[in-house]
Amino acid sequence: MTGDFVRWRETRQFYNAAPTPPAPFMTVSDPAQSVGTFPPTADAKSAMGWMHTARFLTTAAQLHQLPTVDFPEIAFVGRSNAGKSSCINTLTQQKQLAFASKKPGRTQHINLFSLGRQNTTDAVLADLPGYGYAAVSRSDKMRWQQVMVNYLVHRESLTGIVLLCDPRLGLTGLDEALLEVVRPRVEDGLKFLVLLTKADKLTRAEQTKALSIARLQTGGGEVRMFSALKKQGVDEAALLLWQWAHPQAEAGAVTPTAPAD
């Protein structure tokens with residue numbers, strides 16, 4: 001375990017049992033898929049329309065400063081430079097919804113965005129600070145690691161987590177530490193997705209290899225390729241997030257409707 005996140009393990013005092021072998025995070029929808037794409041679906045356009053309704057809700061430096069929400073909350077996490085801001089902006093089709101700092105690691109707030117038709121909210125996106133950037137002081141790293149642990153373990157409205165990872169680096173020790181922190185909640189039903197960003201940097205064969213490795217690292221979890229530049233995996237990711245936020249509609253086979261302009 002890299003020194004930067006050694007405290008992530010120590011802050012798991014909530015879990016006194018010895019570490020266990022990785023358990024599956026989610027059942028992969030189609031294990032035969034080699035590049036992580038859903039079959040074509042008529043719902044993808046509506047899901048993208050829903051994502052486009054995202055607007056800024058609030059920002060907070062500490063967990064207790066966040067408002068209590070009664071809607072499903074989906075958090076985006078990942079190392080600095082993993083492409084988190086670009087992913088959020090691409091999914092929501094907004095250029096500057098999520099702030100992409102020129103100095104990675106400088107964004108040190110949890111930013112919330114609401115989703116839903118005008119004057120209504122049916123889900124919330126949470127943009128968590130990037131972690132692991134060397135230029136940030138150790139004290140700042142440790143403070144934010146604790147804030148993130150508190151959020152991931154205790155945020156009651158948290159419904160799903162999207163972990164952004166550069167496939168050229170793979171899941172690092174920092175990412176694996178985060179997986180260990182959230183594993184108990186995932187085993188209790190928390191949704192989890194790993195998006196391998198910057199897929200345009202890889203050949204198709206390299207994408208297939210990266211998917212296989214990441215699925216092994218997550219214990220067979222949901223892993224998909226994503227490219228903000230080439231728009232690879234964008235519709236599919238939006239549809240999956242819509243399904244996370246509308247489980248009752250999914251159970252009743254209700255198709256989302258695109259918001260009015």
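Read on for a plain summary of the structure. It should be emphasised that the depicted structure is a prediction, and the values quoted were computed from it without experimental measurement.

Moving on, we get to the pairing of strand 3 (residues 110-115). In terms of burial, strand 3 is largely enclosed, as six of its six residues are buried. Residues I110, L112 and S114 of strand 3 are buried on one face, and the alternating residues N111, F113 and L115, pointing to the opposite face, are buried as well. The sheet contact formed by strand 1 (residues 55-60) and strand 3 spans five bridges and is antiparallel. Its bridge partner lying in strand 3, F56 is registered against F113.

Glancing now at the nonpolar core. The biggest cluster of nonpolar side chains holds 40 residues, and the ones touching the most others in it are L128, Y151, L152, F192 and L196. Residue contributions to this core peak at seven residues, all from helix 4 (residues 138-154). Discounting residues that sit within four places of it in the chain, L128 has contacts with A75, F76, V77, K84, I110, M148, Y151 and L152. V162, L164, L193 and F226 belong to the second-largest nonpolar core, a separate cluster that totals 32 residues.

The next thing to look at is the environment of Q232. Inspection of the secondary structure puts Q232 in the loop between strand 7 (223-225) and helix 7 (234-245). A polar contact is formed between the side chain of Q232 and the side chain of Q207, at a distance of 2.9 Å.

Each value, and the rule that gives it
Per chain, residues are indexed from 1 in the order of the written sequence. Since the coordinates come from a predicted model, pLDDT governs what is reported: local features require at least 70, and pairs of side-chain atoms require 80 or more to be given and counted, while whole-chain, interface and lining totals use all residues. To obtain the side-chain values, all non-hydrogen atoms of the structure were used and water was disregarded. The classification of residues rests on relative accessible area computed with a 1.4 Å probe and restricted to protein chains. Under 20% of the type maximum is buried, over 50% is exposed, and intermediate values are partly exposed. Put simply, DSSP H or I for four residues or longer makes a helix, DSSP E for two residues or longer makes a strand, and each gets a number counted from the N terminus. Strands are treated as partners if at least two bridges between them are detected by DSSP. Here, nonpolar core means buried Ala, Val, Leu, Ile, Met, Phe, Trp, Tyr and Cys residues that are tied together by side-chain atoms lying within 4.5 Å of each other. In what follows, a contact means two residues having at least one pair of non-hydrogen atoms within 4.5 Å. Side-chain atoms alone can form a polar contact between residues adjacent in sequence; in general such a contact is a pair of N or O atoms within 3.5 Å, and within protein one must be able to donate a hydrogen while the other accepts it.

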